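Structural overview
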Amino acid sequence: MAGHSKWSQIKRQKAVVDAKRGVVFTRLAREISVAARAGADPAGNFQLRTALEKARAAGLPNTNIERAIAKGAGQGSGDGDQFQEVRYEGYGPGGVAVLVEALTDNRNRTAADLRLAFSKHGGNLGEVGCVGYLFEHRGVVRIAQPHLEENALLESLLALEMAGGPAALTYTFEPAAGGTAAGKGEPAGGGGRGGAGAGDASAEVVCSYADLEGLQDALRHQGWSVQGWEHRWIPSTTCRLEESEALRHCLRMLDALDDLDDVRSVTANLEADEALIEAFLA
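Here, residues in each chain are numbered from 1, in the same order as that chain's written sequence. Residue-level local features of this predicted model are given only where pLDDT is at least 70; pairs of side-chain atoms are given and counted only at 80 or more, and the full residue set underlies all totals for whole chains, interfaces and linings. Only heavy atoms go into the side-chain values, all of them from the structure, while hydrogens and water stay out.

A few points about the overall build of the chain
- For the chain, the count of helices and strands is 9 helices and 11 strands.
- Per-residue burial for the chain yields a buried fraction of 45% across its 282 residues.
- Areas reported as accessible are Shrake-Rupley estimates using a 1.4 Å probe. Residue values count occlusion only from the protein chains shown. For the chain, the accessible surface area stands at approximately 13,300 Å², while carbon and sulfur atoms represent 49% of it. The secondary structure listing takes helices from DSSP runs of H or I that are at least 4 residues long and strands from runs of E that are at least 2 residues long, numbered from the N terminus. Residue burial is assigned from relative accessible area. The probe radius is 1.4 Å, only protein chains are included, and a residue is buried under 20% of its type maximum, exposed over 50%, and partly exposed in between.

Pasting the structure below:
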């Protein structure tokens, strides 16, 4: 997943600081409107709380947030029910599997835009189910704080599971700048807490789709600095691209898909050298 993770990380970092800021804000407002259909009170609507967390992290103004909630709850102008959640699947150059989630008020328009973006860069839009079996829908909780220790986090996760709480399936750990890198692991064996800042160590804890709300809440109550959470498609197998031209076309295709107004998220099982990906996306 190295390639996909690196591409996703770079896209997240640049998403709200470049010329696409308006597209990102429109996308976030749609997510809030769709989530607000189940209720305008975030306290009783986890999907809405998740959408609000993403929006605030991206800097979406409060007026936009309030308007989107009102629209979704049927309290404002417009109809929050006009947007539908649709999933599309296809292949990129080199056989890379791609999942696209969209929020659309016109399926024909969205499908046509996606088909063009795929074909223009050497990919193909397929039928639903053609690559979906290669991905698992999981919950991901992000933690970042000073002096975060991997062993301390593992002990907390194990204690939480033994107490009957939500179980972590796996995790990734990134030490603070200048630290010693750690890899992936299974919960096996409580520590530094505090607020997050630049250069902090960080971790992403993966759980089942249904356990996301419980896990992020439990970690916060244990004292960990939860920086965000989301449902994410995670590839169970990867497609490695070593030929530079195929990788270039694939990255351009993923960028083109991600830039479409109706697209909510793009996930691929791409794997490639991080240095190559950074060079192409620079």
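After presenting the structure, the write-up continues.
A look at the nonpolar core
- Joining through side-chain atoms within 4.5 Å is the link that ties buried Ala, Val, Leu, Ile, Met, Phe, Trp, Tyr and Cys residues into a set, and such a set is a nonpolar core. Counting 25 residues, the largest nonpolar core has V96, V98, V100, L254, L257 and L270 as its most contacted members.
- Going through the elements one at a time, β1 (84-91), β2 (97-104), α5 (107-120), α8 (244-258) and β10 (263-268) are the ones with two or more residues in this core.
- Among the elements that make up this core, the one with the highest residue count is α8 (6 residues).

Regarding the pattern of salt bridges
- Each reported salt bridge corresponds to a side-chain nitrogen of Lys or Arg within 4 Å of a carboxyl oxygen of Asp or Glu. Overall, the coordinates contain 18 salt bridges when judged by the stated rule.
- Here E245 ties to R248 by a salt bridge, and the two come within 3.4 Å at their closest N and O atoms. A residue pair is termed a helical-turn pair when its members lie 3 or 4 positions apart in one helix, as E245 and R248 do in helix α8 at 3 residues.
- A single network of salt bridges, built from pairs that share partners, joins E53, R142, E204, E230 and R232.

Describing the sheet that holds strand β3 (residues 124-125)
- Pairing between strands is defined by DSSP: at least two bridges between the two strands are required. Pairing is antiparallel in the open sheet, where 4 strands are placed in the order β3-β1-β2-β10. Only two strands of the sheet have a single neighbouring strand rather than two, namely β3 and β10.
- Relative to β10, β2 runs antiparallel, the two sharing 5 bridges. Pairing of V100 across the sheet is with V266, part of β10.
- Contact definition: two residues touch when any of their heavy atoms are within 4.5 Å. Think of each axis as a best-fit line through the C-alpha atoms, taken over the contacting stretch in the case of a helix, with angles from 0 to 180 degrees between the N-to-C directions. Together, β1, β2 and β10 form the strand contacts of α8, whose direction differs from that of β10 by roughly 160°.

Some thoughts on the pairing of β2
- Judged by how many residues are buried, β2 sits mostly within the fold: 8 of 8 residues are covered.
- Here β1 hands over to β2 after 5 residues, with G94 in that stretch at a positive phi of 75°.

What to know about the packing of α5 against α8
- Interaxial distance between α5 and α8 falls to 9 Å at its minimum, and their mutual angle equals 165°. Taken together, the axes of α5 and α8 are roughly antiparallel relative to one another. For the pair α5 and α8, the crossing hand works out as right-handed. For the pair α5 and α8, the contacting residues are L114, A117 and F118 in the first and M253, A256 and L257 in the second.
- Side-chain classes follow a simple rule in which Ala, Val, Leu, Ile, Met, Phe, Trp, Tyr, Cys and Pro form the nonpolar group, Asp, Glu, Lys and Arg form the charged group, and the remainder, Gly included, forms the polar group. Per-class residue counts for the contact of α5 with α8 are 6 nonpolar, no polar and no charged. With respect to orientation, any angle under 35 degrees is reported as roughly parallel, any angle over 145 as roughly antiparallel, any angle of 65 to 115 as roughly perpendicular, and every other angle as oblique. The sense of a crossing depends on the near helix, which, turned anticlockwise from the far helix by less than a right angle, makes the crossing left-handed and, turned clockwise, makes it right-handed.

Some points on the confidence of the model for the chain
- When pLDDT is averaged across the chain, the result is 84; 82% of the residues are at 70 or more.
- For every residue, the predictor assigns a confidence score, pLDDT, that lies between 0 and 100. Of all secondary-structure elements in the chain, the lowest mean pLDDT belongs to strand β6 (residues 184-185), at 48, while β3 reaches the highest, 97.
- Taken together, the stretch residues 180-196 has pLDDT below 50 and engages in 59 contacts with residues farther than four places along the chain or on a different chain.

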